[in-house]
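Structural overview for review
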Amino acid sequence: MYELVQVAENTYYINSPSKIGVYRVSDDDVWLIDSGNDKDAGRKIQKILDAQGWKLTAIINTHSNADHDGGNTLLQNRLNCAVYSTPMENIVVENPILEPTFLYGGYPFKKLRSKFLMATPSKAQDIATAKLPEGMEYFRLPGHFWDMIGVKTPDDVYFLADCIFGEGTVNKYHISFFYDIAAQFETLDMVEKLEGKLFIPAHAEPMEDIKPLVKLNRDKSLEILDNLLEICKEPMHFELILKKVFEHYDLTMDHAQYVLVGSTIRSYLAYLCDNGKVENYVEDHMLLWKTVTEE
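Let me begin by describing the structure that accompanies this report. (Residues numbered from 1 in each chain as written. Predicted model: local features only at pLDDT ≥ 70, side-chain atom pairs only at ≥ 80, totals over all residues. Heavy atoms only, no water.)

Let's talk about helix α7 (residues 181-192)
- For α7, with 12 residues, the first-to-last C-alpha span of 16 Å sits near the 16 Å given by 1.5 Å per residue.
- Within α7, the full set of buried residues consists of I181, A183, Q184, F185, T187, L188 and V191.
- Buried residues belonging to α7 abut β10 (157-161), α8 (211-231) and α10 (255-274).
- Looking at where α7 begins, the residue whose side-chain oxygen comes 3.2 Å from the main-chain nitrogen of A182 is D180. (Helix = DSSP H or I, 4+ residues; strand = E, 2+ residues; numbered from the N terminus. Expected span 1.5 Å × (residues − 1). Buried < 20%, exposed > 50% of the residue type's maximum accessible area, 1.4 Å probe, protein only. Contact = heavy atoms within 4.5 Å. Polar contact = N/O pair within 3.5 Å; in protein donor to acceptor, adjacent residues only side chain to side chain.)

See the structure below:
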C-alpha cells in the first residue's frame, strides 16, 4: 500500500485503498487527484512527494466522500496547496458533517461521525476557476455522488473515481453506493465510449479496456433492480425491503452499511418509481412500496 506507480511519462498513481492520481507538471511541481481517506494517508502522500523532491501545487477532489478527500486537511495545512472540485462537492469538502447527515437522513449519531464517513474540513475552490496543467481535462461523472468528476491527464490516462467498481468488489459486496441511478446509467454509457491509453478507477486495477468492467457494473445494477421488483411484489415497508436485500446478498449489517446500502436502495426504488415500475403509498402510518402489475 501507498506505493508510487508510474503509468505514463508524467502520470502516476499511489496504490492505496482509494487510488490517488499524481500528475507531474515539471521536475518539482505535481497535482494530486484525490488525497486518500484520512490524515495518515496525507502523511504517507507527503512522504512520497518529499522522496521524489516534488512540490504539491493542488489537489483535485473527484468528489467529497471521505475516502477521497480525507488527506486534504493535513496536506493543505502543511504544504499550502489549493483544493479544487465542483461547487456541490465543495460544500461537503468544507462541511464534512453533511455526508453522514445526508446518508442517515438526520443528525448522525456518534458511530456515523467517524473518519469512514466524515473527513476533516478543508478549503476548496471551484475547479472551473482552476488553471489546470496544460492538456489536463476534467469531465463530469454524475451518479455516484452529488457532482463527481473524472480527470484525464495529458498522457491520455483517465482517472474515473467511483463511477465503476472492480470485479472483486462487485462480486463480494454487490451493492455499491450510488445516489442517482438514472445518471449512473448515463455515466456508464459515456465511459464505455471513452478512448484512452489507460483507465484507473479508484477501486479497481488500471486497465486498457474499460468496457468489460462497465458491463459488469451495469449488469449488477440491472440485477438489483430486478430483485427489488421481485421483493416488492407484496406491499412492503422499507426496513423489510432492506432486510431482504441484505439476506439475498448475504451482506453483513453494521451502522455504516445500514446507511450506505440503505441510501442506495432508496435511490434504486426512486428510479423504479420514476419509471413506473413500482408505486408507493401511505398505509397504517407506513410508507409502503409495491411493484406495479401490468394489466
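So, the environment of V25
- As for its position among the elements, V25 is in strand β3 (residues 20-26).
- Residues V25 and N10, spaced 15 residues apart in sequence, show a C-alpha to C-alpha distance of 7.3 Å.
- Sequence-distant contacts of V25, defined by excluding residues within four places in its chain, comprise V30, W31 and P133.

Here we look at the sheet that holds strand β14 (residues 286-291)
- The sheet built from 3 strands is open, its strands ordered β12-β14-β13 with antiparallel pairing. Edge positions in the sheet fall to β12 (236-237) and β13 (278-283), since each has one partner strand and no second.
- Here 6 bridges tie β13 to β14, and the two strands are oriented antiparallel to one another. Note that in β14 the partner of Y281 across the bridge is L288.
- On top of the sheet, α10 reaches β13 and β14; it is set at about 105 degrees to β13, its chief contact. (Pairing = 2+ DSSP bridges. Axes fitted to C-alpha atoms, helices over the stretch in contact; angles between N-to-C directions.)

Remarks on the pattern of salt bridges
- According to the stated counting rule, one finds 13 salt bridges in the structure shown.
- Taking the shortest distance from any N to any O, the salt bridge between D147 and R140 comes out at 3.1 Å.
- The buried category is assigned to D147, whose relative accessible area is 15%.
- The partner of K220 in a salt bridge is E223, with the nearest N and O atoms 3.0 Å apart. Highlighted residues: K220 and E223, both in helix α8, separated by 3 residues, approximately one helical turn.
- In this structure K220 comes out as buried when scored by relative accessible area, which is 10%. (Salt bridge = Lys/Arg side-chain N within 4 Å of Asp/Glu carboxyl O.)

Details of the side chain of E99
- Among the structural elements, E99 can be located in helix α5 (residues 98-104).
- Sequence-distant contacts of E99, defined by excluding residues within four places in its chain, comprise S64, N65, A66, V92, L117 and F145.

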